[in-house]
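Here is how the chains run, residue by residue.
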Amino acid sequence: MSDQQIQKLTETVKTANLCLEQEYMYNDLFGRLEDPESLYWNYFHQTGEIQIDWATEGHIDKEAVCAAEGLTEEEFYAKYGAQVVAANRYDAAFFISLFNTLRDSAQNSALKAELQYLIDQTALARDTHEMERVNNVYKKLHDLDYFLLRYGPADAGPYMQDTSTISKYYGTLGAFYSAPAPAENPAAGETAGDGKEPDRPVTTNGTLLTDERIDFINREMHNVVLSVDGRREVNDRVRHRVDGSGSYDAFLPKFQKLVQRRGDGQYYVRGTFTKYNLDFAEDVLHLNRCGFDQISVEPVVADPKLPYALTEADLPAIFAEYERLAKLLIDRRREGKGFNFFHFMIDLDQGPCVIKRLRGCGAGNEYCAVTPDGDVYPCHQFVGQEEWRMGDIFSGEIDMEMKRRFAASNVYGKEECRNCWAKFYCSGGCNANNHTYAGDITRPYHLACELEKKRVECAIMIKAAMADMAGGEEESISCDGDCAACVK
C-alpha cells in the first residue's frame, strides 16, 4: 500500500472504532441492539436524520396505559410519544463500500482477510439484526486501531484521559499476534505436572477445512466437534452466507472426509434445534445416514422474543419428538445399526462422582475461562460481563467470595432442585443460563429443567429396552474420561 493508502486506512479504522467505542461506553450500544426490533438498527439502514427511539413526557406507565385504554405499543407511541432522532452520516452500505475499497488496495493477504471480516460481519449485522455481529465489528476495529495501526497506549495514550480501553486486546488479530514457537516456549508440548497429557478439543464449522487442516486436527486433537444443524434446509435457514446462499454443501463433504480419516478417534457432530425444526429426530437420522454415528442435536437457548426461540408452549412437541427418537434408537440397535445420541448417553449404573452430581461443571472452581488479556471468569459464557470477572492471571488475585458463591450453587443450595428426582443428573443446570434466563445462578432455568427430565426418562426407557433385549444385562453407557464424571 502507498503511504496515502495506509494513512486513509488508519484514519478510517480510527474514526469507525471511536464512533462505536463512544456508543458502547456512553449510550449502551450493545444493550440497545439486543432487541432486533430496536430503532437503533436504523443506524445500519438509513442516513440523514433517523429515528433511534421514542420518548414520552413525564412518567407515563406504558403498560398500565395500554391495558387501561386497550392500546397496542404502536398506538401508544402514536398517541403519547415523540420521536428521538439523530444525525447519521454513514449506514452499513457506505461502510461496506468504503472497506471494500480499502481491502482492494491492501497487498498483505492477512490484512485483506481482516478487512473482509469487517465487511462480512457488517453485512450480517444489517441483514440479521444480531447484536453479536456488531460486537464482532467493534472488537475487530478496536484491535486493528490500537494494536496494529496505532499501537495502543504508546501511540494513542497521550491523547486519552483513560487508557484502560486502549490497553484491552480482544485477541482478534491471530495472523499478526501469535504464540511463541515451541523452541522459544519451553513449556509448549509438555505434559501437565501430574504426568497427564492435557486434552485438546476443537470445534469447527468446516468452512475453512482443508486436507492439511483435517490431518492436523486428526493428529493433534483429542476430540473434535463438527458443527452442523441437520438437514440441508434446516441448516441453511440459520447458517447462510452473506449472499444468502446456504453453507451445507460446502462443509458436509469435509466433515465426512475428516471422520473417515479419523478412525476410532473421538468426535461428534453437533447441531441445534429451534422452533423451526421441532421434528429434530429427522435431523438426527439424516446425520446418521450421512455416515456419522456420534450425534448431538441440542435445544437452542435464546431470548424468548426471538422467532426461533423455544418456549414452554413447545414442550409437548419436544417431549413427543424425544420419545420418538428414543424408540427409533431402540429399533436401530435391535437391527444392529445403532448410533449414539449425546443427550441419551447417561450412566444410570454409577454415574458421576458426588461432587459432580452436586454442582455439575464446576464453574468458578474446577473450571474457569481465561481471556487473551488474562482476565478470569467463572466460565466462557460470563466473559465480557464485568460483574462476573473473578480476577486475572498476571496479578494472581482471585475473587474468593465469587468462587465460594459458585461452589455453593449446588442442588441443595437451589430450593427448586432439592426435591427434583433428576437433580443428580443435571446437577442444577447451567449457571450462565440460570443467570440469564432465571435471573440468578441459584434459580434453575425452568425450560431447561423440563427438557433434561424428559431426556433422562428417555435414557431410562432405552436402558430398560436394551436390558430386556439382552436378557437383563445391558452394558453401561458412559464417556471415556478418566474421572467417570461426565453426564452426557
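On a predicted model such as this, the values are computed, not experimentally measured, just so you know.

Asks: Quick question: what am I supposed to make of the overall build of the chain here?
Replies: Scanning the chain from terminus to terminus reveals 20 helices and 10 strands. Residues classed as buried in the chain amount to 41% of the 488 residues present. Pairs at least 24 apart in sequence give 63% of the contacts found in the chain among residues at least 6 apart. On the chain, roughly 26,400 Å² of surface is accessible, and the fraction owed to carbon and sulfur atoms is 50%.

Asks: Honestly, a nonpolar patch on the surface in this entry has me stumped. Any pointers?
Replies: Together, Y24, M25 and Y26 give the surface a local cluster of nonpolar side chains, amounting to about 320 Å² of exposed area. Here M25 lies in helix α1 (residues 3-26). The class of M25 is partly exposed, set by a relative accessible area of 36%.

Asks: For this particular structure, what's the right way to read the packing of helix α4 (residues 62-69) against helix α5 (residues 73-80)?
Replies: Working note: a packed helix pair is described by the angle between its axes plus the distance between those axes. As a packed pair, α4 and α5 sit with axes 10 Å apart at the nearest point and diverge in direction by 105°. By the criterion of interaxial angle, the relationship of α4 to α5 is roughly perpendicular. Facing α4, whose interface residues are K62, V65, C66 and E69, α5 presents E73, F76, Y77, K79 and Y80.

Asks: Any chance you could explain the sheet that holds strand β10 (residues 391-392) here in plain terms?
Replies: Each strand in a sheet pairs with its neighbour through backbone hydrogen bonds, running either in the same direction (parallel) or in the opposite one (antiparallel). Read from one edge of the open sheet, 3 strands run β8-β9-β10, paired in antiparallel fashion. Pairing within the sheet leaves two strands with one partner each, and these edge strands are β8 (369-370) and β10. Bridge count for strand β9 (residues 375-377) against β10 is 2 bridges, and the pairing is antiparallel. Bridge pairing links V376 to G391 in β10.

Asks: Looking at this structure, how should I read the pattern of salt bridges?
Replies: If the charged atoms of two oppositely charged side chains come close together, the side chains can form a pair. In total, this model carries 27 salt bridges according to the counting rule given. For R133, the salt bridge goes to E130, with nearest N and O atoms at 3.1 Å. Owing to a relative accessible area of 24%, R133 belongs among the partly exposed residues under this scheme. Here D314 and K275 are joined by a salt bridge, their closest N and O atoms 2.7 Å apart. Of this pair, D314 sits in the loop between β6 (294-299) and α15 (315-334) while K275 is found in the loop between β5 (266-273) and α14 (281-289), placing the two residues 39 residues apart along the sequence. We classify D314 as buried; its relative accessible area is 9%. Taken together, the shared-partner salt bridges connect D211, D215, K257 and R261 into one network.

Asks: Would you mind showing me how to read the confidence of the model for the chain here?
Replies: When pLDDT is low, close inspection of the predicted coordinates is not appropriate. When pLDDT is averaged across the chain, the result is 83; 85% of the residues are at 70 or more. The least confident element of the chain is helix α9 (residues 152-156), whose mean pLDDT is 51; the most confident is α14, at 96. For the stretch residues 157-162, pLDDT sits under 50, and the model shows 7 contacts to residues farther than four places along the chain or on other chains. For the stretch residues 177-195, pLDDT sits under 50, and the model shows 10 contacts to residues farther than four places along the chain or on other chains.

Asks: Help me understand the nonpolar core, please; the structure alone is not making it clear to me.
Replies: Grouped burial of nonpolar side chains is what soluble globular proteins tend to show. By size, the foremost hydrophobic cluster in this structure holds 48 residues, and its most contacted members are L226, F292, I295, V297, Y322, F341 and F344. Broken down by element, the residue count for this core peaks at 8 residues, all from α15. Residue contacts for F341: discarding those within four places in its chain leaves V284, I295, S296, V297, Y322, L325 and L329. Core analysis: the next-biggest nonpolar cluster, separate from the first, contains 38 residues, L29, I96, L111 and Y138 among them.

Asks: Where do I start with α15 in this structure?
Replies: Side chains that are three or four residues apart share a direction in an α-helix, a result of its 3.6 residues per turn. For α15, built from 20 residues, the straight-helix expectation of 28 Å at 1.5 Å per residue is met to within 8% by its first-to-last C-alpha distance of 29 Å. Taken together, the buried positions of α15 are occupied by L315, I318, F319, E321, Y322, L325, A326, L329, I330 and R332. Taken together, the buried residues of α15 touch β5, α14, β6, β7 (340-341) and α20 (446-469). Of the residues trailing α15, G336 is marked for its positive phi of about 75°.

Asks: What am I meant to see in the packing of α1 against helix α8 (residues 131-149) here?
Replies: For the pair α1 and α8, interaxial distance at closest approach is 9 Å and the crossing angle is 130°. By the angle between their axes, α1 is oblique relative to α8. Relative to α8, the crossing made by α1 is left-handed. For the pair α1 and α8, the contacting residues are L9, T10, V13, K14, A16, N17, L18, L20, E21 and Y24 in the first and V134, V137, Y138, L141, H142, L144, D145, Y146 and L149 in the second.

Asks: Looking at this structure, how should I read the pairing of strand β3 (residues 201-204)?
Replies: Regular strands show a simple pattern: their side chains alternate between the two faces of the sheet. Relative to strand β4 (residues 223-227), β3 runs parallel, the two sharing 4 bridges. Considered in β4, the bridge of T204 is made with L226. Tracing the backbone out of β3, into helix α11 (residues 211-220) and back to the parallel element β4 gives a crossover that is right-handed.

What counts and what doesn't
- Residues numbered from 1 in each chain as written.
- Predicted model: local features only at pLDDT ≥ 70, side-chain atom pairs only at ≥ 80, totals over all residues.
- Heavy atoms only, no water.
- Helix = DSSP H or I, 4+ residues; strand = E, 2+ residues; numbered from the N terminus.
- Buried < 20%, exposed > 50% of the residue type's maximum accessible area, 1.4 Å probe, protein only.
- Contact = heavy atoms within 4.5 Å.
- Areas by Shrake-Rupley, 256 points an atom, 1.4 Å probe, with all protein chains shown as cover.
- Patch = residues over 30% accessible without salt bridge, like charges linked within 9 Å, V, L, I, M, F, W, Y side chains within 5 Å.
- Salt bridge = Lys/Arg side-chain N within 4 Å of Asp/Glu carboxyl O.
- Axes fitted to C-alpha atoms, helices over the stretch in contact; angles between N-to-C directions.
- Parallel < 35°, antiparallel > 145°, perpendicular 65-115°, else oblique.
- Pairing = 2+ DSSP bridges.
- pLDDT = per-residue confidence, 0-100.
- Core = buried A, V, L, I, M, F, W, Y, C linked by side-chain atoms within 4.5 Å.
- Expected span 1.5 Å × (residues − 1).
- Left-handed = near helix turned anticlockwise from the far one by under 90°.
- Right-handed = clockwise from strand over helix to strand, strands pointing away.

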